[in-house]
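Report on the structure
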Amino acid sequence: MFKALGPANNRLVKYFARGLARLSASMGWLSIRYPTLSLQDRLNAFRQYELNLEAGTVIRFNDFFVPYIQADSDIAAAYALGAVTEHQRGPQLQFLRRLAEGRLSEMGGRGFVDMDHLIRLLDFGRAGPEIWHQMPEDSRQWVQAFVDGLNAVRSQRPRGVDEKLMGIKPEPYTPLDILLLGRLAGADVNWPIYFSLIEHRLSGDFAQWWERLRITGAGIFTSFDNPAAASTAEKLGNILNSLSRSGSNSLVLSGSRTENGAPLMANDPHLGLHLPNVWMLVGLRCPSYQCVGLMFPGVPVLGLGRNPNLAWGGTNLRAASSDLVRLDPSSLANSVSQHTRIKVRFGWTRKRFLRWSTQGPVLTECSSLASMCGHESLALRWAGHWPTDEISSFLKAMRSHSVRELQQAMHGVGVTPLNVLGADTAGNIGHVLAATLPARNAFPEDDWVLPEHIANRDWANRRCAADFPSVLNPPQGFLVSANNRPSDVSGLGFLFNGDDRIMRAHQLLLDDRILDIEALRRVQFDVTSVLASRLASRLSSLCMPYAVNHTQGLVCQSIAAWSGAYSSDSLQALQFEFLITALVGRIGKIKYRGRIPGLFEQWAFLCTHLPEELESMAESERIQVIPACLEAASRNAQHWQMWGNAHKIRLRHVLGFVPLLGKLFSSRSFPAAGSRETLMKNAHGFIRGFDETAYGSQARHLSDLSNPDANYFTLLGGQDGWVGSMLVTDQITLWQTRQSIQMPLSTEAIVAQFPHLKAF
């Protein structure tokens, strides 16, 4: 999340950090690398709270500290859910709230002032009061009880180590804070792309790059220049993307394609790889809700999961839920301005101005954006400023009995736009586009920043899930979503992911085989890229005529025979990745004045345009470039030997990026299979040596609807978020060995698998 802060690359600093970590462990200091608090310690701490819960309420835990709440009323269940959430994730919630409010400078110092200014301009909480006013009474009661549970534990628990180091003093929660966190999770995934493109709109070659980008699409991160030099706005956008379902796979099979005749569902959210995990695993059993699934901390609904009759999940639609608008001078003159004070840790308070126009917040009030926009003033229209009620929609989904009911429940979703898939025990499977968007027909082809008259036209009316096409029981017997471009719907967006994961999923599912849950699990773990195999074959044919020795020829032959599988023991994946890194670097020096356009970091763009760039070079340039690149690819691949030696996962707490102390707040690294757009995603940019992925698969869900107890989940990390607890990272072993935690729905199985309880 804050990768720019570290870790230190100096060898002596690393040795010092390791020594500091060992010293802290020997003295009993709390850390993530050397935890000291056991499950029993954390259970005992929870049992000491005085909670105002109804008689008959039982909060159970399994051996991984996953809670299962059983209550005789919905209010008691929501209160208990809040209490458990604050106990397990209180410091995380306090940090996320400050992030959403633009208070990073209070924790990190003056380096975050511009980011705080931009966050306050975005105004995540703007629609909160109106949402709360319009929310149905049962939803309001659920949220209020959840807040009461949060506050009951917050007032009794000690400050966490991370809270002390970041200067956080836990503050009480209100219902508006819950809505604020929901809007934070609903940030538009296109913002990093918008922010990275702003400064290039005034350049002479923007039109050419923009046309190429629109055709090929974009992944999670987009910039025209080196992402290492990202602007404040880009860094903020990337942080927000790491918290929302900006990636993900969701697959559902109908009973006609399964061994037992009942539907199967698999979900793989792709988000930032953090400690603690962005998700919590929860079980609920109360009058209205009997379900298990994953919850974003602080937002009391299950974003994906299972109840007795229905399983649901989804992926980010990657629709454009916002537009940048170029303001006329009269609109800017009539905008409303106010000042805000940004408190700075270890420094003095800064004063900044917030300006709101009829088109939305004026983002160019932030100096880091204004400096890139020339004399233009840009405002943001965002559907998140509309009073849409996602909490009520997902509460309806949690108690739905069929796919049809699930589709109807999604009519109230605004942000973030989602592809929602579902399957029910009656055998139905379906898909719905869950979003509230402006009623656009199309986007301008020459620029994505709108003049005011077009913005006024497009944003005058709205479309929601009821206005978009939905799918029920498709003839092929399965549905797959992987952030791909929707068909037959115009005006949704223009920067969708490529089709790499979709193509691979269809390869694995489009045959006559009857699948069981283990076969679907193997699909989740697949690390083969169709586009990588195609690109490798094409590069091999382009490079082979220029190989000047046997070693270079072997590289061409090796990648030509490669299947595209990024297994952790693959040498061919290394050869391929080092080759494209070398080729892009050389092309940048020759054709782009020494800079590497950031668009080449985009996988779909790279697959389409890298061969074109090679083919467009003069023969003399190819003779100069290709042998050197083949030599570099061979040398680097031989040094690292296997993909997993260079490409690794290391989970970090936000404090894990602080020099010296960061070692205390990071897990040990382990080899990472997969790549940018494989079904099991572990994203990366150009591979130049050792690489730690920061984004990818970080939670898994499988459900077999023939059995109410056949629901399996795993978090990359652990359930707990308390620094010093062994349960922050205890599921990493499960993740590596492809094991899961069972989340049953039947009473007998709940009692058997969740033996640790607190009864009231």
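Above this note sits the structure.
Here's what I pulled together on the structure shown here.

Rules and cut-offs
Residues numbered from 1 in each chain as written. Predicted model: local features only at pLDDT ≥ 70, side-chain atom pairs only at ≥ 80, totals over all residues. Heavy atoms only, no water. Pairing = 2+ DSSP bridges. Helix = DSSP H or I, 4+ residues; strand = E, 2+ residues; numbered from the N terminus. Contact = heavy atoms within 4.5 Å. Axes fitted to C-alpha atoms, helices over the stretch in contact; angles between N-to-C directions. 1 Å grid on protein atoms, 1.4 Å probe; cavity = no way out; pocket = protein on both sides within 12 Å on 5 of 7 lines; lining within 4 Å. Points joined across faces, edges and corners; volume = space filled by probe spheres on them. Nonpolar A, V, L, I, M, F, W, Y, C, P; charged D, E, K, R; others polar. Salt bridge = Lys/Arg side-chain N within 4 Å of Asp/Glu carboxyl O. Buried < 20%, exposed > 50% of the residue type's maximum accessible area, 1.4 Å probe, protein only. Core = buried A, V, L, I, M, F, W, Y, C linked by side-chain atoms within 4.5 Å. Phe/Tyr/Trp six-rings, centres within 6.5 Å; stacked < 30°, edge-to-face > 60°. Lys NZ or Arg CZ within 6 Å of the ring centre and 35° of its normal. Parallel < 35°, antiparallel > 145°, perpendicular 65-115°, else oblique.

1. Concerning the sheet that holds strand E26 (residues 699–704)
- Read from one edge of the open sheet, six strands run E21-E3-E4-E26-E27-E28, paired in antiparallel fashion. Two strands bound the open sheet, and with one partner strand each, they are strand E21 (478–481) and strand E28 (741–742).
- One ladder, built from four bridges, connects strand E4 (residues 264–268) with E26; its direction is antiparallel. The residue of E26 that forms the bridge with Met-265 is Ser-703.
- In the packing of helix H19 (residues 517–524) onto the sheet, contacts are made with strand E3 (249–253), E4, E26 and strand E27 (711–715), and the angle to E26 comes to roughly 160 degrees.

2. Focus: empty space enclosed by the protein
- This model, assessed by the stated rule, comprises three cavities of 30 Å³ or more.
- Empty space within the largest cavity amounts to approximately 420 Å³.
- Gly-182, Ala-185, Val-299, Phe-394 and Val-415 are, among the 27 residues lining the largest cavity, the residues nearest its centre.
- Those elements that place two or more of their residues in the lining of the largest cavity are helix H9 (175–185) and helix H15 (390–398).
- Counting residues per element, the lining of the largest cavity draws most heavily on H9, which supplies five residues.
- When grouped by side-chain class, the residues that make up the lining of the largest cavity number 17 nonpolar, six polar and four charged.

3. Some words on the sheet that holds strand E29 (residues 756–759)
- The ten strands are arranged E20-E16-E15-E9-E8-E7-E6-E2-E1-E29 in an open sheet whose pairing can be described as mixed. Each edge of the sheet is formed by a strand with only one pairing partner; in this case those strands are strand E20 (471–472) and E29.
- Pairing of strand E2 (residues 67–70) with strand E6 (residues 280–285) involves three bridges; the strand directions are parallel. Directly across from Gln-70, in E6, lies its bridge partner Arg-285.
- Strands in contact with helix H2 (residues 39–47) are strand E1 (58–61) and E29; relative to E29, the strand with the most contacts, it is inclined by about 5 degrees.

4. Observations regarding the pattern of salt bridges
- As enumerated under the stated definition, the model contains 26 salt bridges in all.
- Between Arg-440 and Asp-323 there is a salt bridge whose closest N-O contact spans 3.1 Å. Note that Arg-440 is positioned in the loop between strand E17 (437–438) and strand E18 (450–451) and Asp-323 in strand E10 (residues 322–326), a separation of 117 residues in sequence. The burial state of Arg-440 is the same as that of Asp-323; both residues are buried.
- Residue Glu-518 pairs with Arg-521 through a salt bridge whose shortest N-O separation is 3.2 Å. One end of the pair is Glu-518 and the other is Arg-521, both in helix H19 and three residues apart, which spans about a single turn.
- Judged by relative accessible area, which is 12%, Arg-521 ranks as buried.
- Salt bridges here are not isolated pairs; linked through shared partners, they connect Arg-97, Arg-98, Glu-101, Arg-103, Glu-106, Glu-171 and Asp-177.

5. Details of the side chain of Asn-484
- For Asn-484, the location among the structural elements is in the loop between E21 and helix H18 (500–509).
- The class of Asn-484 is buried, set by a relative accessible area of 17%.

6. Comments concerning the nonpolar core
- Core analysis: the largest hydrophobic core is formed by 196 residues, its most contacted members being Phe-124, Trp-191, Met-410, Trp-448 and Phe-576.
- Here this core takes 13 residues from helix H3 (residues 74–101), the largest share from any one element.
- Leaving out residues up to four positions away in the same chain, Met-410 has contacts with Ser-393, Phe-394, Ala-397, Val-420, Val-432, Ala-434 and Ala-465.
- Membership of the second largest hydrophobic core comes to 18 residues, among which are Val-480, Ala-505, Ala-519 and Leu-520.

7. A closer look at unusual backbone geometry
- The peptide bond linking Leu-275 to Pro-276 adopts the cis configuration, its omega dihedral lying at -5 degrees.
- Tracing the backbone shows Pro-276 in the loop between strand E5 (270–272) and E6.
- The step from Val-415 to Thr-416 runs through a cis peptide bond, and the omega angle for that step is -5 degrees.
- If you trace the backbone, Thr-416 turns up in the loop between helix H16 (403–409) and strand E15 (418–424).

8. What about the packing of aromatic side chains?
- For the structure shown, the criterion picks out 14 aromatic pairs.
- Ring centres of Phe-124 and Trp-382 lie 5.8 Å apart, and the angle between their planes is 90 degrees; on these two criteria the pair is classed as edge-to-face. Here the residue Phe-124 occupies a position in the loop between helix H5 (113–122) and helix H6 (128–134), and Trp-382 occupies one in strand E14 (residues 378–382), the gap between them amounting to 258 residues.
- The class for Phe-124 is buried, based on a relative accessible area of 2%.
- Through a chain of ring-to-ring contacts, the aromatic side chains of Trp-562, Tyr-566, Phe-576, Trp-603 and Trp-643 assemble into a single cluster.
- Against the face of Tyr-173 rests Arg-97, its NZ or CZ located 5.0 Å from the ring centre.
- Here Arg-700 stacks its cationic end above the ring of Trp-735, 3.4 Å away from the centre of that ring.

9. Overview of the environment of Val-278
- Note that Val-278 resides in the loop between E5 and E6.
- On the accessibility criterion, Val-278 (3% relative accessible area) is buried.
- With 39 residues separating them along the chain, Val-278 and Leu-317 place their C-alpha atoms 19 Å apart.

10. Regarding the packing of helix H20 (residues 530–543) against helix H23 (residues 603–615)
- The contact between H20 and H23 brings their axes to 10 Å, and the two run at 10 degrees. As judged from the angle between their axes, H20 and H23 are roughly parallel. Only Trp-603, Cys-607, Leu-610, Pro-611, Leu-614 and Glu-615 of H23 make contact with H20, whose side of the interface consists of Leu-531, Ala-532, Leu-535, Arg-538, Leu-539 and Leu-542.
- Split by residue class, the contact of H20 with H23 holds ten nonpolar, no polar and two charged.

11. Overview of the environment of Asn-645
- Along the chain, the position of Asn-645 falls in helix H25 (residues 643–646).
- You can call Asn-645 partly exposed: its relative accessible area is 29%.
- Once residues within four sequence positions are removed from consideration, Asn-645 is found in contact with Trp-640 and Phe-690.

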